[in-house]
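# Per-entry structural report
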Amino acid sequence: MPLVVHAIPAFTDNYIWLFHQPDDHKAYVVDPGDAKPVLEVLDKLNLSLEGIIVTHHHPDHVGGIDQLLETSPIPVYGPEGIPQITHILKDGDALKLDPISFDVLAVPGHTLDHIAYFSATEPLVFCGDTLFAGGCGRLFEGTPEQMWHSLSRLAGLPSETLVYCTHEYTEANLKFALAVEPENKTLQQRVLQVQLQRQQRQPTVPSTLAVELSSNPFLRSSQPSVIQAAEQYSGQVTMSESDVFTIIRRWKDGF
Ligand SMILES: [Zn+2]
């Protein structure tokens, strides 16, 4: 039976992911920026929190950890540098939890400590603020080249992988994607679908990697349409996929 994953809305547009096996009360939470909504869901669903998983150090991903640890001293998994982490994870590590196992991928760019958790059995990836539905995270600490490399690693996962990112940014991301690729039919259809989902107040996350590969400009730097758009925007004749990515990331920052 597939893993049950709950989207817990937090702040204005964050999702905290809570998962468990359908027949088990043991739950894990990913990036709890706030404890209160997590505790409410645990209580409502009669689940017990067995561990906390963290992708990077930003407050909207770690701010709820202390309060969640008040009730029981459960393990906290994540990258080095976050004080509450009890099990430091780095690229290539495996995280074996009772309901599911993950491969840890270093995905620097948004921050330098950022890691993602890929499970081949579902398959799914918790990718924090690296790959978003229709977009990608801002570059606060890393270089565009680092982010491009990180996104390329995620792009290489199986196309049916469910992409669990941390923010409901999809509608705005797709507006930008349309500016880059106005003729992309798959993207046009996705825009309509996402508009409908948002009108009905449904999450647009998770998407699949296949959907991202066909409509997210930040994974499409090798596509002629995206190269052409980047060349037009920048006035440069671009060279590498990483250069194209760098230009459209800068373009999005000012969009
Ligand atoms: Zn962040």
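Located above this text is the structure these notes cover.
Description of the structure in this document. (Residues numbered from 1 in each chain as written. Predicted model: local features only at pLDDT ≥ 70, side-chain atom pairs only at ≥ 80, totals over all residues. Heavy atoms only, no water.)

What follows covers the packing of aromatic side chains. Per the counting criterion, the structure on display carries 15 aromatic pairs. Aromatic pair Phe-126 and Tyr-164: ring centres 5.3 Å apart, planes at 40°, arrangement tilted. Linking Phe-126 in strand β10 (residues 124-128) with Tyr-164 in strand β13 (residues 162-165), this pair joins segments that are 38 residues apart in sequence. A residue is classified by how much of its surface remains accessible, and Phe-126, at 1% relative accessible area, is buried. Ring centres of Phe-176 and Phe-218 lie 5.9 Å apart, and the angle between their planes is 20°; on these two criteria the pair is classed as stacked. Residue Phe-176 is found in helix α5 (residues 170-180), and its partner Phe-218 is found in the loop between α7 (209-215) and α8 (224-234); the two are separated by 42 residues along the sequence. Each member of the pair, Phe-176 as well as Phe-218, carries the same accessibility label: buried. Among the aromatic residues, those joined into a cluster by ring pairs are Tyr-15, Trp-17, Phe-19, Tyr-28, Phe-102, Tyr-117, Phe-126 and Tyr-164. (Phe/Tyr/Trp six-rings, centres within 6.5 Å; stacked < 30°, edge-to-face > 60°. Helix = DSSP H or I, 4+ residues; strand = E, 2+ residues; numbered from the N terminus. Buried < 20%, exposed > 50% of the residue type's maximum accessible area, 1.4 Å probe, protein only.)

This paragraph deals with unusual backbone geometry. Between Glu-122 and Pro-123 the backbone carries a cis peptide bond, its omega angle lying at -15°. Cis geometry is adopted by the peptide bond preceding Pro-206, which originates at Val-205 and carries an omega value of 5°. Along the chain, Pro-206 falls in the loop between α6 (185-199) and β14 (207-208). Positive phi outside glycine occurs at Phe-11, with the angle close to 50°. By the element assignment, Phe-11 lies in the loop between β1 (4-10) and β2 (14-20). What makes Phe-11 partly exposed here is its relative accessible area of 48%. Of note, the phi angle at Asn-46 is positive, near 55°, even though the residue is not glycine. Examined against the element boundaries, Asn-46 turns out to sit in the loop between α1 (36-45) and β4 (48-53).

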